[in-house]
Structure formats: structure tokens, C-alpha cells
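Structural overview
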Amino acid sequence: NIRTASSQQVYINELMASNAQTIADSSGSFEDWFEVYNPNPTPVDLANYYVTDNPANPTKHRFPTGSTQTIIPANGFVLIW
């Protein structure tokens, strides 16, 4: 039972805006990231939601559909690079 983010609340839990050497992504690069926390008892899918670093472009980056990487497990976390 996976719910959409619109039916469940999730939280930005941590933010690394200048990642020079703390955590590397899957390609070994040190990119900026933020962590999203799902406090719910069921998984939450972020598919078709957006994030941006530019208020003038609120749909800059869309989470894809059909990817297990957009699903935050129950009471779990996901890093967004």
C-alpha cells in the first residue's frame, strides 16, 4: 500500500547545501543534497512532485514515475541529490 505525498505528510529532515566531502552520491561526486523523512506507517511515493532551487521556476525538477527511488519507506528516509 503506497500512498502519494498529497495524502501523507513528509518532511525535509536535513539539508547539505555545500557538500564538499561529507557524503558522495552513487557516482562518487559530492553534490548538494537534502533528506526527506516519511513519519507515516506506510510508504510514500514522491512521483510527479517537484523540487526547485529557483522560486521563479517551481517545476524545475520533477520526480519520475515508475521508479522505486521515489518511494520513501514507512518511517524511512531518502536522500535527494
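Everything below is about the structure shown above.
Please read these numbers as outputs of a predicted model, since none were measured by experiment.

1. Brief notes about the overall build of the protein
- Secondary structure summary: the protein contains zero helices and eight strands in total.
- Listing the helices and strands of the protein from first to last along the sequence gives β-β-β-β-β-β-β-β.
- Each principal axis of the C-alpha atoms in the protein carries an extent, and together these give about 35 × 30 × 20 Å.
- Out of the 81 residues in the protein, the part that is buried amounts to 27%.
- The contacts in the protein between residues at least 6 apart in sequence include a share of 60% that link residues at least 24 apart.
- Carbon and sulfur atoms provide 51% of the accessible area of the protein, an area that totals close to 5,400 Å².

2. Re the environment of serine 29
- Take serine 29: it is sitting in the loop between strand E2 (11-16) and strand E3 (33-37).
- For serine 29, a relative accessible area of 26% translates into the label partly exposed.
- Distance from serine 29 to asparagine 19, taken between C-alpha atoms, is 9.4 Å for residues 10 residues apart in sequence.
- Setting aside residues no more than four positions away along its own chain, serine 29 makes contact with Ile23 and Ala24.

3. Regarding the environment of threonine 70
- Residue position: threonine 70 is located in the loop between strand E6 (61-62) and strand E7 (71-72).
- As a C-alpha pair, threonine 70 and alanine 47 span 23 residues in sequence and 5.9 Å in three-dimensional space.
- Among residues more than four places away in sequence, those in contact with threonine 70 are Val44, Asp45, Leu46, Ala47, Phe63 and Pro64.
- Within the structure, threonine 70 has its side chain in polar contact with the side chain of aspartate 45 (distance 2.6 Å).
- Within the structure, the side chain of threonine 70 is placed 3.0 Å from the backbone oxygen of serine 67, a separation counted as a polar contact.

4. As for the nonpolar core
- Grouped together as the largest cluster of nonpolar side chains are seven residues: Phe34, Val36, Leu46, Phe63, Ile72, Val78 and Ile80.
- Not counting residues up to four positions away in its chain, the partners in contact with valine 36 are Val10, Tyr11, Ile72, Gly76, Phe77, Val78 and Ile80.

5. Some words on the sheet that holds strand E8 (residues 77-80)
- The antiparallel open sheet is built from three strands, whose spatial order is E2-E3-E8. Looking along the sheet, the strands with just one partner apiece sit at the ends: E2 and E8. Neighbour-to-neighbour, the strand axes of the sheet open up by a mean angle of 20 degrees, direction not taken into account.
- Direction of pairing for E2 relative to E3: antiparallel, over a ladder of five bridges.

About the cut-offs
- Residues numbered from 1 in each chain as written.
- Predicted model: local features only at pLDDT ≥ 70, side-chain atom pairs only at ≥ 80, totals over all residues.
- Heavy atoms only, no water.
- Helix = DSSP H or I, 4+ residues; strand = E, 2+ residues; numbered from the N terminus.
- Buried < 20%, exposed > 50% of the residue type's maximum accessible area, 1.4 Å probe, protein only.
- Contact = heavy atoms within 4.5 Å.
- Areas by Shrake-Rupley, 256 points an atom, 1.4 Å probe, with all protein chains shown as cover.
- Polar contact = N/O pair within 3.5 Å; in protein donor to acceptor, adjacent residues only side chain to side chain.
- Core = buried A, V, L, I, M, F, W, Y, C linked by side-chain atoms within 4.5 Å.
- Pairing = 2+ DSSP bridges.
- Axes fitted to C-alpha atoms, helices over the stretch in contact; angles between N-to-C directions.

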